[in-house]
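# Secondary and tertiary structure notes
Each chain, letter by letter, is given below.
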Amino acid sequence: MSAPARGGYAAWVSWLEAFRRGEDPSTEGLGPVRGGFGSYVEARLLERLSTAFAERVRQWQASLGDRIVAQPPDGPVAASAMLRDAVARLEPLAKLAGSPLVPPALGASMRDMLDVVREGARTALEEAWRRGLEDEHVAGMPAQRRVDPSVRRPLVGGVRPGRVPEGGARRN
C-alpha cells in the first residue's frame, strides 16, 4: 500500500486527531484545504477541522473554569493575570485560525469564535473576583462563597418556592 500524498486528506486527519486531543503538531507538510480534495472529501475535512477546533475551545473553557473554581481570583490584578495566562494557551488555536492552510471564511469564523471566548473568559473572571468581594468570612480563614438565599429555602413538594416544575404546572 502506498503512503498517503503529502498534505493529503490522511495527513490532515492525523493532524486533526492530535490537535483535538490537545497536542499542537506542526502544520509542516500539510497542504491548504482549498479545492484539491474534491468537494465531498473537502467538506468532510472542513467538518473535521471545525469539530477539532470546537473541541479545543471546549477543553480550554473547561480548564479555565476548573482554575476559577479551584482558586478564584482575589482581585482585578489576579483576574487579569489569570486571563493573560489563559489567553496565551489559546495561541495554537489563533495560529490555526490565521493559517493560510485554512479557507479564509473558516479562519474568519474561528477568529470570531476566539474573540467571543476571550470576552466570555474576561467576564467570568471579573464575576469570580467580584463574588469574592461579597464573601462573608472571618479574616484569616478561607473564604466561603455565599449561597443565594433562594437556594437555602427548603424544598416544598420537591420544588423550590417560586420555581415552575417541568411540564409548566406550578405547585402551590
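The model shown is predicted, which means the values in this text are computed figures rather than measured ones.

Conventions and cut-offs
- Residues numbered from 1 in each chain as written.
- Predicted model: local features only at pLDDT ≥ 70, side-chain atom pairs only at ≥ 80, totals over all residues.
- Heavy atoms only, no water.
- Phe/Tyr/Trp six-rings, centres within 6.5 Å; stacked < 30°, edge-to-face > 60°.
- Helix = DSSP H or I, 4+ residues; strand = E, 2+ residues; numbered from the N terminus.
- Buried < 20%, exposed > 50% of the residue type's maximum accessible area, 1.4 Å probe, protein only.
- Lys NZ or Arg CZ within 6 Å of the ring centre and 35° of its normal.
- Salt bridge = Lys/Arg side-chain N within 4 Å of Asp/Glu carboxyl O.
- Expected span 1.5 Å × (residues − 1).
- Axes fitted to C-alpha atoms, helices over the stretch in contact; angles between N-to-C directions.
- Parallel < 35°, antiparallel > 145°, perpendicular 65-115°, else oblique.
- Left-handed = near helix turned anticlockwise from the far one by under 90°.
- Contact = heavy atoms within 4.5 Å.
- Nonpolar A, V, L, I, M, F, W, Y, C, P; charged D, E, K, R; others polar.
- Core = buried A, V, L, I, M, F, W, Y, C linked by side-chain atoms within 4.5 Å.

### Considerations on the packing of aromatic side chains
- In the structure shown here, the tally under the stated rule is 2 aromatic pairs.
- Ring geometry for Trp12 and Trp15: centres 5.7 Å apart, planes at 75°, overall edge-to-face. Placement of the pair is Trp12 and Trp15 together in helix H1 (residues 9–20), with a separation of 3 residues, close to one helical turn.
- Take Trp15: its relative accessible area is 8%, and that puts it in the buried class.
- An angle of 10° between the planes, with centres 5.0 Å apart, marks the rings of Trp15 and Phe19 as stacked. Here the residue Trp15 and the residue Phe19 both occupy positions in helix H1, the gap between them amounting to 4 residues, near one helical turn. We note that Trp15, like Phe19, is buried.
- Through a chain of ring-to-ring contacts, the aromatic side chains of Trp12, Trp15 and Phe19 assemble into a single cluster.
- The ring of Phe19 has Arg56 lying over it, and the distance from NZ or CZ to the ring centre is 4.5 Å.

### A closer look at the pattern of salt bridges
- Applying the stated criterion to the full structure yields 9 salt bridges.
- Among the ionic pairs, Arg21 bridges to Glu23, the shortest N-O distance being 3.2 Å.
- Overall, Glu23 belongs to the partly exposed group, its relative accessible area being 38%.

### Examining H1
- Over its 12 residues, H1 extends 16 Å from the first C-alpha to the last, a length consistent with the 16 Å expected when each residue adds 1.5 Å.
- Among the residues making up H1, those that are buried are Trp12, Val13, Trp15, Leu16, Ala18 and Phe19.
- Positive backbone phi, at 105°, marks Gly22, one or two positions downstream of H1.

### Some thoughts on the packing of helix H2 (residues 39–70) against helix H3 (residues 76–88)
- Interhelical geometry of H2 versus H3 gives an angle of 155° and a closest axis separation of 11 Å. If you check the angle between H2 and H3, you find them roughly antiparallel. H3 is crossed by H2, and the crossing has right-handed handedness. Judged by residue contacts, Trp60, Leu64, Arg67 and Ile68 of H2 engage Met82, Asp85, Ala86 and Val87 from H3.
- The residue inventory of the contact of H2 with H3, partitioned by class, reads 6 nonpolar, no polar and 2 charged.

### Looking at the nonpolar core
- Ranked by size, the top nonpolar core spans 33 residues in total, and within it Trp12, Leu49, Leu96 and Met110 carry the most contacts.
- Counting only elements with at least two residues in this core, the list comes to H1, H2, H3, helix H4 (91–97) and helix H5 (104–133).

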